[in-house]
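# Secondary and tertiary structure notes
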Amino acid sequence: MPKLSINDKFIDFSDYGRPIASFLALHLSRLKVNAIQVTFTFFLAGIACVYCIQTHHFVLAALFLMLKNILDAVDGEIARITKHPSIIGRYLDSIFDFIINLLILLSILNIETSSKLTFLLAFFGIEFQCSIYNYYYVILRRRLNNDETSRILEFRKPISYHYENQKIANVLHALFLCLYVVFDALVLALDKPALFVRQFPKWFMSLLSLLGLGFQLLIICSLLCLGLTEMILPFFAWYSIFGLFVILIRKLLVK
C-alpha cells in the first residue's frame, strides 16, 4: 500500500509480495531497469505460467505466477523510486493483467472438463472481484490523499508525461476502457453511495483485500501446487458471491 500513509495502512491480504517487490525495485532501479521493462517481464512470466499449465508442470506454473505477481508490484515501486511515473505503464499493466488472467483460465479449461459456462463465470468473476477491490481502494486514496492517479471510470483521455508518446497512451487508454469499463460500471451501479462515505475502516479494507488480484493469484498458486486444477474455475465462478457480500457489508455497516 505505497499510496497510503503509515497511519492509514491496513492488513492487505492481496499485497503480501510488497516487501520482496520493494527490495527488488530498489536494486533494479540502481541497475537502470525501468518500470516498463519490468511490466513486460511480468507479462512473460505470466505466459510461462500458461505454458507450464498446458504441459502439466503445475508447481512450476505456480512459481512463475508468483513471480508475475511480485513483478507486478515492482514496476510501480520503480516508478516511485525513480520519480518517473508512466501513463503508458499504468494502462499496460492493467491490460497485461487482463490478458494473463484470461489465458490462465483458458489453459485450465483446456486441460480440465469444466464447461464453457463455468469458464465464463470464473473469468467474469475474477474481473468483477478485482473491480470491487479497486473501487473502494480508489475512493479511499482520493479521500485520504487526494490521489488523482486513478479514477472510478476512466473515460477522460489521459495526458501523457513529456517523456511519453501521447498516441500510444491514447491507444492503451481506449483498450483499457474496452476491457474494464463494464466491470467498473457494474460495481459503481451496485454501490454508488460509497462515493460519499468519508472513510472506510481498516477492518473493512482488510476484508475487501480478499478480492484483490494478489489474493486471487495466491489461491490459484495453492490449487496448482496441490494438483487441484479442476477446482480453479468453479471456485472463481462462485467467489463473486463473496464480493456481493462485501458490498452488502459496506451498505449495512460502513456509512
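The shown structure was predicted, so the numbers you read here are calculated from the model rather than taken from an experiment.

## Looking at the environment of Phe124
- Position of Phe124 among the secondary structure elements: in helix α5 (residues 116-145).
- Taking the C-alpha atoms as reference, Phe124 lies 35 Å from Thr82; in sequence the two are 42 residues apart.

## Thoughts on the side chain of Ser240
- Structurally, Ser240 can be placed in helix α9 (residues 232-253).
- Taking relative accessible area as the criterion, Ser240 reaches 12% and is therefore assigned buried.
- Sequence-distant contacts of Ser240, defined by excluding residues within four places in its chain, comprise Gly125, Phe128 and Gln129.

## Some remarks on a nonpolar patch on the surface
- Taken together, the side chains of Phe124, Leu186, Leu190 and Leu244 define a hydrophobic patch exposed on the protein surface, amounting to about 300 Å² of accessible area.
- Position of Leu186 relative to the elements: it lies in helix α6 (residues 166-190).
- Under the relative-accessibility criterion, Leu186 is labelled partly exposed at 31%.

## Looking at the UniProt feature "transmembrane region" (unreviewed entry) in the chain
- Per the UniProt record, "transmembrane region" (unreviewed entry) is annotated on residues 40-67, 87-110, 117-136, 171-191, 203-229 and 235-253.
- The span residues 171-191 is 95% helical and 0% strand by assignment, and the distance between its end C-alpha atoms comes to 30 Å.
- Helix and strand shares over residues 235-253 are 100% and 0% respectively, and the end C-alpha atoms of the span are 27 Å apart.

## Focus on the side chain of Asp75
- Mapped onto the elements of the fold, Asp75 is located in helix α3 (residues 58-81).
- Buried Asp75, no salt bridge; nearest opposite-charge side chain is Arg80, N-O distance 6.8 Å.
- With residues near it in sequence (within four places) discarded, Asp75 still touches Ala35, Val38, Thr39, Phe42 and Asp93.

## Digging into the packing of aromatic side chains
- Under the counting rule described, the total for this entry stands at 22 aromatic pairs.
- When the centroid spacing of 5.1 Å and the interplanar angle of 85° are considered together, the rings of Phe98 and Phe123 count as edge-to-face. Remark: Phe123 occurs in helix α5 and Phe98 occurs in helix α4 (residues 87-111); sequence separation between them is 25 residues. Each member of the pair Phe98 and Phe123 is classed as buried.
- Members of the aromatic cluster, each reached through a chain of ring pairs, are Tyr91, Phe98, Phe123, Phe176 and Tyr180.
- Lying over the aromatic face of Tyr137, Arg141 brings its terminal NZ or CZ to 5.0 Å of the ring centre.

## Structural notes on helix α8 (residues 213-225)
- When the terminal C-alpha atoms of α8 are compared, their 18 Å separation across 13 residues agrees well with the 18 Å that a helix rising 1.5 Å per residue should span.
- In terms of burial, α8 is a largely internal element, ten of the 13 residues being buried.
- Among the residues trailing α8, Gly227 stands out with phi positive, at a value near 75°.

Analysis parameters
- Residues numbered from 1 in each chain as written.
- Predicted model: local features only at pLDDT ≥ 70, side-chain atom pairs only at ≥ 80, totals over all residues.
- Heavy atoms only, no water.
- Helix = DSSP H or I, 4+ residues; strand = E, 2+ residues; numbered from the N terminus.
- Buried < 20%, exposed > 50% of the residue type's maximum accessible area, 1.4 Å probe, protein only.
- Contact = heavy atoms within 4.5 Å.
- Patch = residues over 30% accessible without salt bridge, like charges linked within 9 Å, V, L, I, M, F, W, Y side chains within 5 Å.
- Areas by Shrake-Rupley, 256 points an atom, 1.4 Å probe, with all protein chains shown as cover.
- Salt bridge = Lys/Arg side-chain N within 4 Å of Asp/Glu carboxyl O.
- UniProt positions renumbered as here; feature names shortened; annotations may be inferred.
- Lys, Arg positive; Asp, Glu negative; His and termini not counted.
- Phe/Tyr/Trp six-rings, centres within 6.5 Å; stacked < 30°, edge-to-face > 60°.
- Lys NZ or Arg CZ within 6 Å of the ring centre and 35° of its normal.
- Expected span 1.5 Å × (residues − 1).

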